[in-house]
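Fold and geometry: a report
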Amino acid sequence: MNDEVYEEMYRVESRHWWFGAKHKIVRNLLHRYLPMSAGRKPRVVDLGCGCGYLLSLIKDEYDAVGMDSFQQAIDFSGKRGVRVEFGSLPEPVPFENESFDCLMLLDVLEHLQDDHACFARAIKLLKPGGIAICTVPAYPWLWTKRDEYHQHFRRYTRSAFKTLMSIDGVKPEFVSHMNAVLFPAAVGERVLRKFVPLKEGHGDLKVPAAPINWAMRESYAAERLLMGRVPIPLGLSLVSVTRREG
């Protein structure tokens, strides 16, 4: 991603409803699928961690580290007091194989040209029994200039995402859509963007007024109570939890 995206992310991700809801969902999945072990903190790696805000939220509960391929992201993460190593998928990866209880690829795979090779490489970092939490943007027909601004290679259908997760030695816990509550309004906004695109070099991560921001965050975050338990048939994103066998 370009420098402007990281600057925008660092400025708003602690306040914006979308980040707040996603982080609540991911932390719920960590608690549910990665039980705490007596005497040690589970080891978690956030691959493509951006500016490190999620790491700052979980660093006291988990032995958490990040990886990113952009120095600006590493610098912003350092300001938040979290450890982030330089690296990229499929190589170079600065960690030993089978050294983590959980890896996260949160809105990362769409940025990688060979997503299949990168996911297969990432899975090698997991200990047997470890989990991977992945999120990606859904529906290729929702492609807009915003995807280009964020340097995406693709958006995913549910079947394509399931295929990506289906590699030897990995068992799916669940694959689901997410961000369904706000789907109709967001689709309308994305369709509008096809006719009134973003200006060159400008993002669209504006924090709404506090009551609206709160309502949107809590509506989206409430899906964590359903995820993996009740089918969510549509949504702006897809999420999966997979477990390494062995």
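Residues numbered from 1 in each chain as written. Predicted model: local features only at pLDDT ≥ 70, side-chain atom pairs only at ≥ 80, totals over all residues. Heavy atoms only, no water.

Structural notes on the overall build of the protein chain
Rule in force here: Each helix is a run of DSSP H or I of at least 4 residues and each strand a run of E of at least 2, with the numbering of both proceeding from the N terminus. Whether a residue is buried, partly exposed or exposed follows from its accessible area with a 1.4 Å probe, protein chains only, as a fraction of its type maximum: under 20%, in between, or over 50%, in that order. Whether two residues are in contact is decided by their heavy atoms, any of which lying within 4.5 Å being enough. Accessible surface area values rest on a Shrake-Rupley calculation with a 1.4 Å probe, where residue burial reflects the displayed protein chains alone. Under the convention used here, Asp and Glu are negative, Lys and Arg are positive, and both His and the chain ends fall outside the count. Positions of charges follow a simple convention, taking NZ of Lys, CZ of Arg, CG of Asp or CD of Glu.
Helix and strand content of the protein chain: nine helices and seven strands. Taken along the three principal axes of its C-alpha coordinates, the protein chain extends 50 × 40 × 35 Å. Here the protein chain holds 246 residues, and the buried ones make up 52% of them. For the protein chain, the share of sequence-separated contacts (at least 6 apart) that also reach a separation of at least 24 residues comes to 76%. About 11300 Å² of surface is accessible on the protein chain, with carbon and sulfur atoms providing 56% of the total. Of the charged side chains in the protein chain, 33 are positive and 30 negative, and the gap between their average positions amounts to 5 Å.

Comments concerning the sheet that holds strand β6 (residues 170-178)
We apply this condition: At least two DSSP bridges between two strands are required for those strands to pair. Axis definition: a line fit to C-alpha positions, over the contact stretch in the case of helices; interaxial angles, taken between N-to-C directions, run 0 to 180 degrees.
The strand order across the open sheet formed by seven strands is β3-β2-β1-β4-β5-β7-β6, and the pairing between neighbours is mixed. With partners counted over all chains shown, the strands left at the sheet margins are β3 (84-86) and β6, one partner each. Averaged over neighbouring strand pairs, the angle between their axes works out to 20 degrees when direction is ignored. Bridge analysis of β6 against strand β7 (residues 237-244) gives eight bridges, and the strand direction is antiparallel. Across the sheet, the residue bridging to K171 is R243, located in β7.

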